[in-house]
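The residues making up each chain are set out below.
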Amino acid sequence: MTDQFGREINYMRLSVTDRCNLRCRYCMPEGVEFLDHSQILRYEEILEIVRAAVELGIVHFKVTGGEPLVRRDCVDFIRRLKQLPGIRTVSLTTNGVLLAPLARELAEAGVDWVNISLDAPGRADYAAVTGFDALNRVLTGMDACEEAGLPFKLNCVLLPDSRDRLIPLARFARERDIDVRFIEMMPIGLGADSPGLAWEEALAVLRREWPDLHSVEERRGNGPARYYVSGALRGCIGAIDAVSHKFCAQCNRVRLTSTGQLKPCLCYSQGADLREVLRTCPEKLTETMRDAIFHKPRAHCFDRSGDITEQKCMSQIGG
Ligand code: SAM
Ligand code: SF4
């Protein structure tokens, strides 16, 4: 469907949990309180919402969290999701820690690709960012994806101390045919107090190593990433620079939190409580969703921190 500004909305991020097995320092506060299970949508409820979303023309779904793979039976849920009529793509965003033993099952469940978050490619650095000495498990997860024929991309949030890590991270795209995407820190949750690194600065560092790195028009996936290529790299380098380059006019997405809030824009707390609708008057589900999506705000206001109304941290929203 199109929203009030004529944008076609065809993509929904589905957060299946607020829990996580890492504590990335810009995402999940120490001592964060987890929601009670009764507040989290059951898988059957999420599938009901997805059926309604398909009716409204949403055909691309990404499963996220918290860490989606910590929720019991997540792969089975993904299999059921992918089998629903009308769905075109199902992808997964994960920190990769639990990926190795599940990669083959995920491929068999029909996952189209996986985004693996990897902010630091060295063991000590990784532990400093995420709070856990788990880099090796992520690397094993990447190998397992390759063996299972499950395509994946790497996502790296640009932190102030990312400069020294950019080349080692981008080398994954030199050695393997995978895309490495750099994401500007968004001022949501702890991200508001975590200064980031602008994509242009990161690009300057990367160009010192690969001077021919240049942008291409080609779109890959369902998101806003812009891509760069170099003759020396097998994969592409991606930039998700929502802060320095507003791409709200092309935004095609909405988000469902694990508690069932349909969020039309990351920046604002506004949204529809679909859990309440599902549990009290399910016949109103599609109309409630249509209304919330239609009223998607024109643009984020990351540049005016006083206007940001979203108070949740990113692990509660799903990124
Ligand atoms: N746990 C999974 C993971 O890490 O991929 C899925 C959820 S996580 C919230 C999704 C993505 O959001 C991750 O790539 C994470 O790095 C990113 N993220 C978290 N906080 C962010 C922020 N303030 N700005 C930009 N990206 C952020
Ligand atoms: Fe967990 Fe992902 Fe947030 Fe890191 S970014 S704390 S892995 S939800």
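Presented here is a report on the structure given in the accompanying data block. Computed from a predicted model, the values in this text were never measured in an experiment. Position labels on residues start from 1 in each chain and follow its written sequence. Whichever chain is written first becomes A and whichever ligand is written first becomes 1, with later ones labelled in order. Given that this is a predicted model, residues contribute local features only at a pLDDT of at least 70 and side-chain atom pairs are listed and counted only at 80 or more, while totals for whole chains, interfaces and linings are drawn from all residues. Neither water nor hydrogens contribute to the side-chain values; these are computed over all heavy atoms in the structure.

1. Quick word on the site of ligand 1
Close to ligand 1 lie 18 residues; Y26, G66, T93, S117 and M186 are nearest. Here a polar contact is recorded for every N or O atom pair within 3.5 Å, except that within protein the pair must consist of a potential hydrogen donor and a potential acceptor, and residues adjacent in sequence are included only if both atoms are side-chain atoms. At a separation of 2.8 Å, an oxygen atom of ligand 1 approaches a polar side-chain atom of Y26. Between ligand 1 and the protein, one listed contact pairs a nitrogen atom with a backbone N or O atom of M186 at 2.8 Å. Relative to its unbound accessible area of 550 Å², ligand 1 is 94% covered by the protein chains. Along the lines of polarity and charge, the residues of the shell around ligand 1 split into seven nonpolar, nine polar and two charged. Consider each residue's heavy atoms; a residue with any of them within 4 Å of a molecule or strand counts as near. Each accessible area is a Shrake-Rupley result for a 1.4 Å probe, and residues are judged covered by the shown protein chains and nothing else. Residues are grouped as follows: Ala, Val, Leu, Ile, Met, Phe, Trp, Tyr, Cys and Pro are nonpolar; Asp, Glu, Lys and Arg are charged; every other residue, Gly included, is polar.

2. Description of unusual backbone geometry
Although it is not a glycine, D73 sits at a positive phi angle of roughly 65°. In this fold, D73 is placed in the loop between β2 (60-64) and α2 (74-83). Strands are runs of DSSP state E lasting at least 2 residues, helices are runs of H or I lasting at least 4, and numbering of each runs from the N terminus.

3. Thoughts on the state of the cysteines
Only a pair of cysteine sulfur atoms within 2.5 Å counts as a disulfide in this structure description. This model, assessed by the stated rule, comprises zero disulfides. There is no disulfide at C267, and the cysteine sulfur nearest it, in C301, is 3.4 Å away. When accessible area is computed with a 1.4 Å probe and restricted to protein chains, residues below 20% of their type maximum are described as buried, those above 50% as exposed, and intermediate ones as partly exposed. A relative accessible area of 0% means that C267 is categorised as buried.

4. A closer look at the sheet that holds strand β7 (residues 214-216)
Taken in spatial order, the 12 strands make up an open sheet running β7-β8-β9-β6-β5-β4-β3-β2-β1-β10-β11-β12, and their pairing is mixed. Looking at which strands have only one partner, the edges of the open sheet turn out to be β7 and β12 (272-273). Two strands pair if DSSP finds at least two bridges between them. Of the pairings in the sheet, the one linking β2 to strand β3 (residues 89-94) comprises four bridges and is parallel in character. Paired with K62 across the two strands is S91, which belongs to β3.

5. Observations regarding the packing of aromatic side chains
Geometrically, a pair of aromatic rings is defined through the distance of the ring centres and the angle of the planes. In summary, the pairing rule links any two rings of Phe, Tyr or Trp, Trp by its six-membered ring, whose centres are within 6.5 Å, and it sorts them by plane angle into stacked for under 30 degrees, edge-to-face for over 60 and tilted for everything else. Here the structure, examined in full by the defined rule, presents three aromatic pairs. Between Y43 and F77 the ring centres are 4.7 Å apart and the planes differ by 15°, which places this aromatic pair in the stacked class. With Y43 in helix α1 (residues 43-55) and F77 in helix α2, this residue pair connects regions lying 34 residues apart in the sequence. We classify Y43 as buried; its relative accessible area is 11%. Taken together, the ring pairs connect F182, W199 and Y228 into an aromatic cluster. Positioned above the aromatic ring of Y43, the side-chain terminus of R71 is 4.0 Å from the ring centre. Charges are assigned to positions over rings by a cutoff of 6 Å between ring centre and Lys NZ or Arg CZ, combined with an angular limit of 35 degrees from the ring normal.

6. Some points on the packing of α1 against α2
What counts as an axis is a line fitted to C-alpha atoms, over the stretch in contact for a helix, and the angles between N-to-C directions run from 0 to 180 degrees. Their axes nearest at 11 Å, the elements α1 and α2 cross at an angle of 25°. What the angle tells us is that α1 and α2 run roughly parallel. Our pair here, α1 against α2, has a crossing hand that is right-handed. Contacts from Y43, E44, I46, L47 and V50 of α1 reach α2 at C74, F77, R80 and L81. Considered class by class, the residues forming the contact of α1 with α2 number seven nonpolar, no polar and two charged. Relative orientations are named as follows: roughly parallel for angles under 35 degrees, roughly antiparallel for angles over 145 degrees, roughly perpendicular for angles from 65 to 115 degrees, and oblique for any other angle. Crossing handedness: left-handed means the near helix sits turned counterclockwise from the far one by under a right angle, and right-handed means the same turn made clockwise. Here, residues are in contact when the closest pair of their heavy atoms is within 4.5 Å.

7. A short note on the packing of helix α6 (residues 163-175) against helix α7 (residues 199-209)
Their axes nearest at 9 Å, the elements α6 and α7 cross at an angle of 60°. Taken together, the axes of α6 and α7 are oblique relative to one another. Crossing handedness for the pair α6 and α7: right-handed. Each of R163, L166, I167, A170 and R171 in α6 lies in contact with α7, whose residues at this interface are E201, A202, V205, L206 and E209. Of the residues assigned to the contact of α6 with α7, the class counts are six nonpolar, no polar and four charged.

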